[in-house]
Amino acid sequence: AMSRLFGSFNEVEIPGALRRPLLSVYAGIFGCNLDEMKDPDLAHYPNLATFFYRELRDGARPVDTRDEAAVVSPSDGKVLHYGVVEQREVEQVKGLTYSLDAFFGTPDASAGDDLADATLAAAAQSHSHNAAADDEFAVVNGIPYTLGGMIGDTRALRPAAQSLGGHLRGDERLYFCVIYLAPGDYHRFHSPANWVVETRRHFAGELYSVSPYIARTIQNLFVLNERVALLGRWKHGFMSMTAVGATNVGSVVVNFDKALRTNLPELPLRPGEFSQVGYQAASARLAGVPLRKGQEVGGFRLGSTVVLVFSAPSSFTFTVSPDQPVKMGQALGLLQP
């Protein structure tokens, strides 16, 4: 209730004469960098929500394009934790773990498909004229597609999202990385790699704080909170990016999914249930939405947490450390030759 009230407060229009002083005070308290904003004139932001969701000027976040920098940070923030998923358990912070299956959900917990036909039609239309680009995306980035996918039979392409990282080749491991966004951070998130998003799962959970202190205190915090999981595949198998809501920040936006609605008062879902949407209609070749490394995907209306879980060869090595600040586009790890 407090988060929904704060969300309404965020949308209240600030009188023009008060925008610069009020937003300057907020920026000073939370350490927002006004110099890197695409539009630095605070008078152009009618409310807190638009300021939270501000864009950055071009070039403010260079993306590491090296082939060996296969996975980059999807957002600004602080690295809470990272490592290898062992026995389907993920470390929330050191000493506290949660179940990967509880985090992503199981098929019998799905509450069905809630995506409007109009949204699927729009996605299909937006990609249908660019089939050659989809083919190139698959070839250049080593993402497999089949003859069935090329002729429109998406059943021929088994979604990697169904495995939830459960099927690994002999030389692969399942990795994770948790990034916390503070209130003063840039709040949009971007693609961590070149991949195809096949499925979206929305869990209408709680909105506990996800600050580092709370993350060290509440068991299963990321399983309890409202979250939006994007699931799919890249050249090394399973790839996922999950936006976890928090107090005052249950509002999550995904640019290519206009039907997504979060932070609602009375969603008819029981704990652990989720609504699921497939993006197969977005591309007959790829059976999903192709995303390039560093491409904007969506964002939060305030700070929160992004959790990456992905499969990669055992030669993958993280190049970050716990509590390290990171910027969107910065390499999280390297693939050794």
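Procedures and definitions
Residues numbered from 1 in each chain as written. Predicted model: local features only at pLDDT ≥ 70, side-chain atom pairs only at ≥ 80, totals over all residues. Heavy atoms only, no water. Pairing = 2+ DSSP bridges. Helix = DSSP H or I, 4+ residues; strand = E, 2+ residues; numbered from the N terminus. Buried < 20%, exposed > 50% of the residue type's maximum accessible area, 1.4 Å probe, protein only. Arc of directions from axis to C-beta. Phe/Tyr/Trp six-rings, centres within 6.5 Å; stacked < 30°, edge-to-face > 60°. Lys NZ or Arg CZ within 6 Å of the ring centre and 35° of its normal. Polar contact = N/O pair within 3.5 Å; in protein donor to acceptor, adjacent residues only side chain to side chain. pLDDT = per-residue confidence, 0-100. Contact = heavy atoms within 4.5 Å. Core = buried A, V, L, I, M, F, W, Y, C linked by side-chain atoms within 4.5 Å.

Trainee: Help me out: how do you make sense of the sheet that holds strand 17 (residues 331-335) in this one?
Mentor: Hydrogen bonds between backbone atoms are what pair the strands of a sheet, whose relative direction is either parallel or antiparallel. The three strands are arranged 1-17-15 in an open sheet whose pairing can be described as antiparallel. Where the open sheet ends on each side, the last strands, each with one partner, are strand 1 (71-72) and strand 15 (316-318). Two strands pair when backbone bridges link them, and strand 1 and strand 17 are joined in this way by two bridges, in the antiparallel orientation. The residue bridging valine 72 from the neighbouring strand is alanine 331, located in strand 17.

Trainee: Could you clarify how one ought to interpret helix 6 (residues 131-140) in this entry?
Mentor: The α-helix advances 3.6 residues per turn, and as a result positions three or four apart in sequence lie on the same side. Among all positions in helix 6, only Ala131, Asp134, Asp135, Phe137 and Ala138 are buried. Along the axis of helix 6, the buried positions cluster into a sector of 160°, meaning they face one direction only. Every exposed residue of helix 6 that faces more than 90 degrees away from the buried side is listed here: Ala132, Val139 and Val140. One or two positions beyond helix 6, positive phi appears at glycine 142, with a value near 65°.

Trainee: Where do I start with the packing of aromatic side chains in this structure?
Mentor: When we look at a pair of aromatic rings, we describe it by the centre distance and by the angle of the planes. Taken as a whole and assessed by the stated rule, the structure comprises 16 aromatic pairs. Centroid distance tyrosine 45 to phenylalanine 51: 5.8 Å. Interplanar angle 90°. Geometry classified as edge-to-face. For the pair shown, tyrosine 45 and phenylalanine 51 are each scored as buried. With a centroid separation of 5.1 Å and 85° between ring planes, the pair formed by phenylalanine 316 and phenylalanine 318 is classed as edge-to-face. Accessibility classification places phenylalanine 316 together with phenylalanine 318 in one group, the buried group. Put simply, the rings of Tyr82, Tyr175, Trp234, Phe310, Phe316 and Phe318 pair up and form one aromatic cluster. When the ring centre of tyrosine 53 is taken as reference, the NZ or CZ atom of arginine 188 above it lies at 4.0 Å.

Trainee: Hey, could you run me through the side chain of arginine 233 in this one?
Mentor: The topology assignment puts arginine 233 in strand 8 (residues 227-234). The exposure class assigned to arginine 233 is buried, which follows from its relative accessible area of 5%. In terms of polar contacts, arginine 233 uses its side chain to reach the backbone carbonyl oxygen of leucine 286, at 2.8 Å.

Trainee: Would you explain unusual backbone geometry in this entry?
Mentor: With the exception of glycine, the majority of residues adopt a negative phi angle, and the majority of peptide bonds are in the trans configuration. Residues other than glycine seldom take positive phi values, yet glutamine 87 does so here, at roughly 55°. Here glutamine 87 shows up in the loop between strand 2 (77-84) and strand 3 (89-93). Judged by its relative accessible area of 75%, glutamine 87 falls in the exposed class. One non-glycine residue, aspartate 323, adopts positive backbone phi at about 70°. When you line up the elements, aspartate 323 lands in the loop between strand 15 and strand 16 (325-326). The exposure class assigned to aspartate 323 is partly exposed, which follows from its relative accessible area of 48%.

Trainee: Would you mind going over the confidence of the model for the chain with me for this structure?
Mentor: As a note on interpretation, predicted positions should not be read in detail where pLDDT is low. Averaged over all residues, the pLDDT of the chain equals 80, while 74% of them reach at least 70. This model gives residues 114-125 a pLDDT under 50, and the stretch forms 19 contacts once residues within four places in sequence are excluded. Within the model, pLDDT remains below 50 along residues 147-157, and this stretch shows 21 contacts once partners closer than five positions in the same chain are excluded.

Trainee: Would you mind showing me how to read the nonpolar core here?
Mentor: For soluble globular proteins, the rule of thumb is that nonpolar side chains tend to be buried together. Among the nonpolar cores identified, the biggest contains 38 residues, and Val71, Trp234, Phe256 and Phe310 are the most heavily contacted of them. The leading source of residues in this core is strand 14 (residues 305-313), at four residues. Excluding residues within four positions of it along the chain, tryptophan 234 makes contact with Ala70, Val71, Ile143, Ala193, Asn194, Trp195, Met239, Phe310, Ser311 and Ala312. In terms of nonpolar packing, the next biggest core, distinct from the first, is built from 19 residues, Tyr98, Ala161, Val178 and Tyr180 among them.

Trainee: Quick question: what am I supposed to make of the environment of valine 12 here?
Mentor: The topology assignment puts valine 12 in the loop between helix 1 (2-10) and helix 2 (16-30). By relative accessible area, which is 47% here, valine 12 ends up partly exposed. In this structure, the C-alpha to C-alpha distance between valine 12 and leucine 48, residues 36 residues apart in sequence, is 7.8 Å. If near-sequence neighbours (up to four positions away) are discounted, valine 12 is found in contact with Pro46 and Asn47.

Trainee: Which parts of the structure should I look at to understand the environment of phenylalanine 30?
Mentor: Along the chain, phenylalanine 30 turns up in helix 2. Judged by its relative accessible area of 39%, phenylalanine 30 is partly exposed. Excluding residues that lie within four positions of it along the chain, phenylalanine 30 makes contacts with Pro183 and Gly184.

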